[in-house]
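Per-entry structural report
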Amino acid sequence: MIIHSLDPLRDLRWQEFVGRHPSASVFHTSGWLRALHRTYQYEPIAFTTSGPTEELRNSLVFCSVRSWLTGRRLVCLPFSDHCEPLVQNPEELSALCRFVQRIRKAERWKYVEIRSASPTLELERDFQRANPFYLHRLDLRPSLDALLRSFHKDCVQRKIRRAQREGLTYEKGRSEPLLQKLYGLLRLTRRRHHLPPQPLEWFRNIVDCLGEQTCIRVASRDGQPVAGILTLSHGKRVVYKYAGSYARLNNLGGMALLLWKTIQDAKEAGAEELDLGRSDCDNAGLITYKERWAADRSPLTYWRCPPAAKLAPTDGWRIRFAKQIFARLPDGVLTRAGKLLYRHIG
């Protein structure tokens, strides 16, 4: 098969192709790719067996990450929980993977990474499974009453009722004031985890580039934001992508209220699935939280060529040491650290 490359930000066929392919997600869209490019200068590139004048039948899309700190690599895709190969059969996938392997060697990329949520996906033997994760998804096809009854009675249903009794105010939209409220909560949450926040510009670019596919929801008490989330939508799927909260007021049930509002809105819009995102396999607390919402767990596999090296015993110590440093940084310095570091992570 002859392989062609294209720029998904310039090729007029891309958005139509993503709109009709059943495995495409919001992470394949030109809006998401444009937000990555604007914020982190990642260059998107897609490979296909379709000729320049033909309708697109298949594709593997990547961003090139060029970093003096973490190396040059092709990632499908940065800051995306998963991004499936958009192919019709194993032969197309095999041809595209072999071509990407040759490109990696010729261009001396450190590695190629493909992030897949498909349990049946098998890649060329030079691609090996790297870090394992879990993905949780909630089937939205049952009625709202049936969904509510399926949630954990104490940890979800009771918190939704608590938020309603407390009279928390609820806002949704994409305005700059609402984004500022969400970002303040995201900064608090990242600090609790001893990590820098992603730059505010990243969230502004998501809102600007994805438009109506983005929704910010914030719950407040007496004007004080207590919880906020950012969701993305594409087709019949909604993605719960970012969340932050004011820990001292978590008992008011603000986050439960926002997720319940998201589910109600998604049902009204005809969505059939809520993607609750990625979890580390050893993060028992986050896994339990998602499963209390009756979400189904499935493996999430990141494939790498060449295979990822095993973590050295010192790597865990380095991560813990970095978190100790971040924990001691003033808010302004921590925010600037995020602006400097995240483009190298991807």
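The structure this text deals with has already been given above.
The text that follows walks through the structure, step by step, so that each part is easy to find. Here the structure is a predicted model, which means the values were calculated and not measured.

About the criteria used
Residues numbered from 1 in each chain as written. Predicted model: local features only at pLDDT ≥ 70, side-chain atom pairs only at ≥ 80, totals over all residues. Heavy atoms only, no water. Buried < 20%, exposed > 50% of the residue type's maximum accessible area, 1.4 Å probe, protein only. Helix = DSSP H or I, 4+ residues; strand = E, 2+ residues; numbered from the N terminus. Pairing = 2+ DSSP bridges. Core = buried A, V, L, I, M, F, W, Y, C linked by side-chain atoms within 4.5 Å. Contact = heavy atoms within 4.5 Å. Arc of directions from axis to C-beta.

Time to look at the pairing of strand β3 (residues 60-67). In terms of burial, β3 is largely enclosed, as seven of its eight residues are buried. Examined bridge by bridge, strand β2 (residues 43-48) and β3 share five bridges and lie antiparallel to one another. Among the inter-strand pairings, phenylalanine 47 is bridged to a residue of β3, identified as leucine 60. The sheet contact formed by β3 and strand β4 (residues 71-76) spans five bridges and is antiparallel. Bridge assignment links cysteine 63 to a residue of β4, and that residue is valine 75. Here β3 folds back onto β4, and the loop between the two strands holds three residues.

Grouped together as the largest cluster of nonpolar side chains are 63 residues, with contacts concentrated most on Trp14, Trp32, Phe62, Trp202, Ile206 and Leu232. Excluding its chain neighbours within four sequence positions, the residues that come into contact with leucine 232 are Val26, Phe27, Trp32, Ile206, Leu210, Gln213, Thr214, Arg237, Val238, Val239 and Lys241. Grouped together as the second largest cluster of nonpolar side chains are 29 residues, Phe151, Leu249, Ala256 and Leu258 included.

Among all positions in helix α1 (residues 13-20), only Arg13, Trp14, Phe17 and Val18 are buried. Projection of α1 onto a plane perpendicular to its axis shows the buried side chains occupying an angular sector of 125°, all on one side. Where α1 is buried, its residues contact β1 (4-6), α2 (30-40), β2, β3 and β9 (224-234).

Shape is all these values report; function is a separate question.
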